[in-house]
Amino acid sequence: YKKLIQMNRKKKILLCCEASYLNTGYATYGREVMKRLYQTGKYDLAEFASYGESTDPRAGEMPWKFYPNSPQKDNKKEINEYNSKGTNQFGEWKFEQILLDFQPDIVFDIRDFWMIDYQERSPFRKYFHWVIMPTVDAEPQNEQWLSTYANADGVFNYSEWGKDVLEQEGRGKINC
């Protein structure tokens, strides 16, 4: 019965990226992907927004669920936790909480390695498909990066050159 219910519901996709209302390269890419996914009507969508704030009026304009990553400005405990580790600005400090709340089928991230590697270490990793789009703008790639990319369920590429680099250096272990 549980499987039947899951088969009849929309797939849930969580995009982890910079807040899609910002004017950065990652935010623009994320915004365009989310708009297109939303227009299909096939998915339940949520955005986990680095540098996104709950008090920003643009956050309320999203047609999908929006999880801001920035701490509440009046919450010293959140601010201290956020500032306790550099990777918290990319979402590490809230990731598991958001997974438990949204329960995505797919986690999709469009950022550099150091912004996404905590997702691979999540205790909930076996419960979602992990699809990433890392920046590949040099060769050779760091061995640690290649290992992480090989553990993703899918790796999208910005360019054919980047795809070729990952396929060659990943020795067929990266699902490009």
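Everything that follows concerns the structure shown earlier in this document.
What you see is a predicted model, and the numbers here were worked out from it, not measured in a lab.

**Thoughts on the nonpolar core**
- Leu14, Phe48, Phe95 and Val107 are the most contacted members of the largest nonpolar core, which totals 46 residues.
- Among the elements that line this core, the one with the most residues is strand E1 (residues 11–18), at five residues.
- Residues within four places of Phe95 in sequence aside, it is in contact with Leu14, Cys16, Phe48, Val107, Tyr118, Gln119, Ser122 and Phe128.

**Observations concerning the pairing of E1**
- With six of eight residues buried, E1 lies mostly within the body of the structure.
- Two strands pair when backbone bridges link them, and E1 and strand E2 (residues 43–50) are joined in this way by eight bridges, in the parallel orientation. Counted as the bridge partner of Ile13 is Leu45 from E2.
- This β-α-β element, E1 to helix H2 (residues 25–40) to E2, shows right-handed connectivity.
- Pairing between E1 and strand E4 (residues 106–109): four bridges, direction parallel. Opposite Ile13, over in E4, you have Ile106 as the bridge partner.

Criteria and thresholds
Residues numbered from 1 in each chain as written. Predicted model: local features only at pLDDT ≥ 70, side-chain atom pairs only at ≥ 80, totals over all residues. Heavy atoms only, no water. Core = buried A, V, L, I, M, F, W, Y, C linked by side-chain atoms within 4.5 Å. Buried < 20%, exposed > 50% of the residue type's maximum accessible area, 1.4 Å probe, protein only. Helix = DSSP H or I, 4+ residues; strand = E, 2+ residues; numbered from the N terminus. Contact = heavy atoms within 4.5 Å. Pairing = 2+ DSSP bridges. Right-handed = clockwise from strand over helix to strand, strands pointing away.

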